[in-house]
Amino acid sequence: MLDIPAATPRARVRVPLRFHDGYTADAELVTFHGLADGQEHVAVVLGDPGPRPLVRLHSECLTGDAFGSARCDCGPQLREAVERIADRGGVLLYLRQEGRGIGLYNKLDAYALQDRGLDTYEANAALGLPEDGRDYTAAAQMLRALDITALDLLSNNPDKAGQLRALGIDVHDRVPTGVFTTPHNMRYLRAKVLQTQHTLPLADLAELGVG
C-alpha cells in the first residue's frame, strides 16, 4: 500500500441537481485541502452512504458533460452515476482530468487526429502524450477524508480499481456502468475495450457495426 499524505475537507455545501431529462437529486458538494495534485476536485455526496458506499471516479469532460458531445459516453455515464449512487447512497468524485489527464486543448487536438483515422489512444500517442495520464492519488485522499476506506466502484475501467487498491482503498466489487452508444462513439468504445480492457460487451458493439 502506498503511503500518501492526508487531505481534509475544506467546505461542504448543499446543491440541488437537475439534469436535462428532468431528473433531480439533492447533493452535498465537498471541497478539500491538501490534494496531492493541487487540482480543484469535488466530491458529490448523494443519498445516505453506508459502510460500503457506491463510488464513481468521474473524470471531467467538458464536451460530454456540459455540451452533450456524442463522441464519447461521458455525459450519459455522469447522468447514470448520479441516479444510481443517489438510490443506493455513495459518492461521485468529479476529477479535473480532462481528456484522460491530457487537458482540453490536447483532447481536441487528438479529436482532429481521430478524424483522420486514429483511435483515441493512437491519437494521444501521436501527440507524444500518454494513452491515459490519470493518477488517482487525490481520489484516494478524498475518500479517506470522507472516512471511506471500503466501497463498490461504479466503473468499467480496471485501472481505477487497481490504482485505488494500491492506494489502500478496499474496492470490494467493480460494478459496470451502462453502454451508451451513438453513431459517433462506437469506435471510441471499441478502443477502450481492446486497448485498456474496459468491461464493455464487445460482441454487442460489433453488432452495432463496430468491427
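Rules used throughout
Residues numbered from 1 in each chain as written. Predicted model: local features only at pLDDT ≥ 70, side-chain atom pairs only at ≥ 80, totals over all residues. Heavy atoms only, no water. Helix = DSSP H or I, 4+ residues; strand = E, 2+ residues; numbered from the N terminus. Buried < 20%, exposed > 50% of the residue type's maximum accessible area, 1.4 Å probe, protein only. Contact = heavy atoms within 4.5 Å. Phe/Tyr/Trp six-rings, centres within 6.5 Å; stacked < 30°, edge-to-face > 60°. Lys NZ or Arg CZ within 6 Å of the ring centre and 35° of its normal. Arc of directions from axis to C-beta. Core = buried A, V, L, I, M, F, W, Y, C linked by side-chain atoms within 4.5 Å. Pairing = 2+ DSSP bridges. Axes fitted to C-alpha atoms, helices over the stretch in contact; angles between N-to-C directions.

### Let's talk about the overall build of the protein
- Helix and strand counts for the protein stand at nine helices and seven strands.
- The proportion of buried residues among the 211 residues of the protein is 49%.
- Partitioning the intrachain contacts of the protein with sequence separation of at least 6 by distance along the chain shows that 62% fall at a separation of at least 24.

### Looking at the packing of aromatic side chains
- Using the criterion set out here, one finds one aromatic pair in the structure.
- The ring centre of Tyr111 lies 4.2 Å from the NZ or CZ of Arg71, which sits over that ring.
- The ring of Phe19 is capped by Arg79, whose NZ or CZ atom sits 5.7 Å from the centre of that ring.

### Examining helix H4 (residues 104-114)
- Along H4, the positions that sit buried rather than exposed are Lys107, Ala110, Tyr111, Leu113 and Gln114. Each buried residue of H4 lies within a common arc of 160 degrees when the element is viewed along its axis, so the set occupies one face.

### Re the environment of Thr31
- The residue Thr31 is located in strand S2 (residues 24-33) in this model.
- Take Thr31: its relative accessible area is 22%, and that puts it in the partly exposed class.
- With 20 residues separating them in the primary sequence, Thr31 and Ala11 have C-alpha atoms 5.4 Å apart.
- If we skip the residues at most four places from it in the chain, Thr31 touches Thr8, Pro9, Arg10, Ala11 and Val42.

### Some words on the nonpolar core
- Among the nonpolar cores identified, the biggest contains 28 residues, and Leu57, Leu93 and Leu164 are the most heavily contacted of them.
- Elements with a minimum of two residues in this core: S2, strand S3 (42-46), strand S4 (54-59), strand S5 (90-95), helix H6 (137-145), strand S6 (150-154) and helix H7 (158-166).
- With six residues, the single largest contributor to this core is H6.
- Sequence-distant contacts of Leu93, defined by excluding residues within four places in its chain, comprise Val42, Ala43, Arg56, Leu57, His58, Ala139, Met142 and Leu143.
- Core analysis: the second largest hydrophobic core is formed by 16 residues, Leu54, Leu78, Val82 and Ile85 among them.

### With respect to unusual backbone geometry
- A positive phi angle, near 55 degrees, is found at Arg100, a position not held by glycine.
- Looking at the secondary structure, you find Arg100 in helix H3 (residues 98-101).
- For Arg100, a relative accessible area of 12% corresponds to the buried category.
- In this structure, Asp147 is a non-glycine residue whose phi angle is positive, near 65 degrees.
- Owing to a relative accessible area of 71%, Asp147 belongs among the exposed residues under this scheme.

### Topic: the pairing of strand S1 (residues 8-18)
- Pairing of S1 with S2 involves 10 bridges; the strand directions are antiparallel. Bridge assignment links Val15 to a residue of S2, and that residue is Ala27.
- Adjacent in sequence and paired antiparallel, S1 and S2 are bridged by five residues, among which Gly22 carries a positive phi angle near 95 degrees.

### Remarks on the sheet that holds S5
- The sheet built from seven strands is open, its strands ordered S1-S2-S3-S5-S4-S6-S7 with mixed pairing. The open sheet is flanked by S1 and strand S7 (170-175), the only strands paired with a single partner. Strand after strand, the sheet turns through a mean of 30 degrees between neighbouring axes, direction not considered.
- Examined bridge by bridge, S3 and S5 share five bridges and lie antiparallel to one another. Residue pairing in the sheet places Val45 in a bridge with Val91 of S5.

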